[in-house]
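# Coordinate inspection notes
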Amino acid sequence: KPRTCSSSVKVLKSVYGEVDVPEQTLSQFVFADAHKWRDLPALTCGVSGRSYTYGMIQQLCQRGARALLANTDLEPGDRIGLLLPNVPEFTLAVHASLQAGLVVTYANPLFTVHELTRQFTSAKVRCIVTVPQLLELAQAVAKSLPAYDCTINIGGEPSPQNKILGLESLTSTEKKVDLPEVRSSDIAVLPYSSGTTGVPKGVMLSHRNLVVNIMQLLHPQLVEETDPLTFQDVSLTVLPFFHIYGFNAILNYLAKIGSHLVSMPKFTPQDYIKCLLEYQPTVLFVVPSLLLFLITHPEVTPRHLASVNKIFCGAAPLKKGLIDQFYEKIGRTDCTITQGYGMTETSPGITITPYNMPYSKSGSCGRLLPSTLARVIDLSDGHVVGVPNRPGELLVKGPQVMQGYLDNPGATSDVIDTHGWFHTGDVVYYDEEEYFYIIDRTKELIKVKGNQVSPTELESLLLEIPGVADAAVVGIPDSFAGELPKAFIVRKPGFDDMTVDSVQDFVTPKVATYKKLAGGVEFVEAIPRNPSGKILRNELKNLCSQN
Ligand code: ATP
Ligand code: MG
């Protein structure tokens, strides 16, 4: 793949213009207006009811930053690893650490010792912040980390001989310590990409990267066009804070505008339905699979969603038709559904849909955020496509683009070319009004006799079959065609008599010959997905090779 492209061809610029970037650290920026909502709730655990006001959070973070430096051997610049479920204390751990000049990495608490050790070794973690339920896991990982200092066990017992500190040592100190000066160009967090297409990579995001991305969402014209949230909104989310969408576009963004966030440590239909009724959220942050749950679950009724007037969806393709199905379910259309597109490497936002987006553009992930440039290059020759409606790989430039992959200049130069364009690995096209449509990932396109087949396109089609609850398509190896599309389908309750033939009969007349499900159709109990809703296609491929 060519890493550089000629600069003479068309570059798309955001229709929103530019944003000014304050020279602030992430914590300074996020809590700049917190005094205005000091006594209002900031974060509540939807399951336990444990809640913190903005005033409490700010105070605990400031004290925490000092205590961290006073009570441990950590020094500014050291890395701290969060092994936490979605609890309100996640924010305390993040902002106390950042204010102490530490660099934060966070991981999925469902990871194995092996996966966690790989990430925390790569990030050179010296301290793990965790909760009693995960303490054993944390200690098993800590054992193999060089230069490890201590573990902080939030809500649990300290154990000085094992270098386990309680929350107390994170929030109080007698010693007088000065906080270091942190620059906005310093690295703030080291999130790891989801690992959908390979081993997760450590992504270096500076304070400025994260601040800019929130500023881009708060651009006055864009705010006017996206039906903005205010401090009066109540948001419900179960999306992980240990993923860039939950971390910056939900947790930090909502704190910046003083909104109340109700979070859940893990998803169960019963807890989610209970939170809908109990907290009457005005806003839901979802991924497509969660929207599908709201549409299809028989116990979710219009009454449960009566308070909701805004939905934000991102992280994975929102299949065409899902939005219509949702409106049908709730029996009204006065609830805006905003779609965002982005990735770990871009802090995460690249595009967003305005709420007055014409219906004909349904399925688009919107337009470029302010200060963001894009170009689309041909998949085979790398030349800029330069015209609407023609697919290619999306390249972006903007202040939200990462500083690089951690300790991996080779991987960095594979994605950031010599002209500073970041190669997203996503296949997209834009229309005449510069609305973007994500087709697939370059790595996930199925190649049938030299033709490219989009698994997402076939999945959208399969979801139109009455009785299909969920679907995923992968390419399976074939000695003649190279690859062939194979579908995995979850049937809705009551549709057990759906057959392979009936699925094939539905798809075949609607697609070009090479797109037919010639690799077969298999019915499964569930489609494997990661916590941010992405289909784990490699797992499905492995399933095929075992058969
Ligand atoms: P890895 O890079 O380690 O393989 P990953 O790309 O899944 O993992 P993330 O940074 O979490 O890691 O995900 C970003 C990707 O998610 C994007 O490149 C894109 O493929 C997909 N994505 C995000 N938002 C959307 C959206 N609105 N529509 C379609 N796809 C999306
Ligand atoms: Mg990626």
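Scroll up to find the structure this text is about.
Residues numbered from 1 in each chain as written. Chains lettered and ligands numbered in written order. Predicted model: local features only at pLDDT ≥ 70, side-chain atom pairs only at ≥ 80, totals over all residues. Heavy atoms only, no water.

### Remarks on helix α16 (residues 537-546)
We count it as follows: We call a residue buried when its accessible area falls under 20% of the maximum for its residue type, exposed when it is over 50%, and partly exposed in between, using a 1.4 Å probe and counting protein chains only. Where helices and strands are cited, they refer to DSSP runs of H or I of at least four residues and of E of at least two residues respectively, numbered from the N terminus. Working note: the arc is built from the helix axis to C-beta atom directions. Residue contacts are counted whenever heavy atoms from the two residues lie within 4.5 Å of one another.
Listing the buried residues of α16 in full gives R537, L540 and C544. One side of α16 carries all its buried residues, which in axial view fall inside an arc of 65°. Exposed residues lying more than 90 degrees from the buried face of α16 are S545 and Q546. Elements that come into contact with the buried residues of α16 comprise β22 (436-441), α14 (455-463), β25 (468-478) and β26 (482-491).

### Description of the nonpolar core
So the rule is basically this: Buried Ala, Val, Leu, Ile, Met, Phe, Trp, Tyr and Cys residues form a nonpolar core when they are joined through side-chain atoms within 4.5 Å.
Ranked by size, the top nonpolar core spans 137 residues in total, and within it Y272, L284, L294, F326 and F436 carry the most contacts. With ten residues, helix α9 (residues 244-257) is the largest single contributor of residues to this core.

### Some thoughts on the sheet that holds strand β19 (residues 392-397)
For clarity, the threshold we go by: Two strands form a pair only when DSSP identifies at least two bridges running between them.
Read across the sheet, five strands follow the order β1-β18-β19-β21-β22 without closing on themselves; strand pairing throughout is antiparallel. Of all the strands in the sheet, just β1 (12-13) and β22 have a single pairing partner and so form its edges. Two strands pair when backbone bridges link them, and β1 and strand β18 (residues 373-377) are joined in this way by two bridges, in the antiparallel orientation. Across the sheet, residue K13 finds its bridge partner in β18, namely L373.

### Notes on the site of ligand 1
Keep this limit in mind: Residues are counted as near a molecule or strand when any one of their heavy atoms sits within 4 Å of it. Under the rule applied, a polar contact is a pair of N or O atoms within 3.5 Å (in protein, one hydrogen donor and one hydrogen acceptor; residues adjacent in sequence only if both atoms are side-chain atoms). To measure how exposed things are, a 1.4 Å probe is used in the Shrake-Rupley method; for residues, cover is taken only from the protein chains shown.
Among the 19 residues in the neighbourhood of ligand 1, the closest are listed as S194, T196, T197, T344 and D426. One of the side-chain N or O atoms of H243 is found 2.8 Å from an oxygen atom in ligand 1. Between ligand 1 and the protein, one listed contact pairs a nitrogen atom with a backbone N or O atom of G340 at 2.8 Å. Coverage of ligand 1 by the protein amounts to 96% of the 640 Å² it exposes when considered alone.

### A closer look at unusual backbone geometry
The amide bond that connects S347 to the next residue, P348, takes the cis arrangement and shows omega of -5°. Looking at the secondary structure, you find P348 in the loop between β15 (336-342) and β16 (349-352). In this structure, S371 is a non-glycine residue whose phi angle is positive, near 60°. Turning to its location among the elements, S371 is positioned in the loop between β17 (367-368) and β18. Since its relative accessible area comes to 12%, S371 is described here as buried. Although it is not a glycine, E434 sits at a positive phi angle of roughly 65°. Position of E434 among the secondary structure elements: in the loop between β21 (422-430) and β22.

### Brief notes about the state of the cysteines
To keep things clear, this is the line we draw: Two cysteine sulfur atoms make up a disulfide if the distance between them is within 2.5 Å.
If you walk through the whole model with that rule in mind, you get zero disulfides. With no disulfide of its own, C45 lies closest to C275 among cysteine sulfurs, the gap being 7.9 Å. The class for C45 is buried, based on a relative accessible area of 4%.

### Examining the side chain of S206
Secondary-structure assignment places S206 in strand β10 (residues 203-206). Exposure remark for S206: the relative accessible area of 2% places this residue in the buried category. Once residues within four sequence positions are removed from consideration, S206 is found in contact with S184, S185, D186, I187, A188 and Q403.

### Focus: the sheet that holds strand β14 (residues 310-313)
Here is the rule we go by: The axes are straight lines fitted to the C-alpha atoms, using for helices just the contacting stretch, and the angles between their N-to-C directions are given from 0 to 180°.
Ordered by their spatial adjacency, nine strands build an open sheet running β3-β2-β12-β11-β13-β14-β15-β16-β17, and the pairing between neighbours is mixed. Of all the strands in the sheet, the pair left with one neighbour each is β3 (51-53) and β17. Here strand β13 (residues 283-286) pairs with β14 via four bridges, running parallel. Across the sheet, the residue bridging to F285 is F312, located in β14. Along the sheet, α9 makes contact with β2 (41-45), β11 (234-237), β12 (260-263), β13 and β14, crossing β13 at roughly 160°. Contacts from helix α10 (residues 269-279) reach β2, β11, β12 and β13, with the element oriented near 175° to β11.

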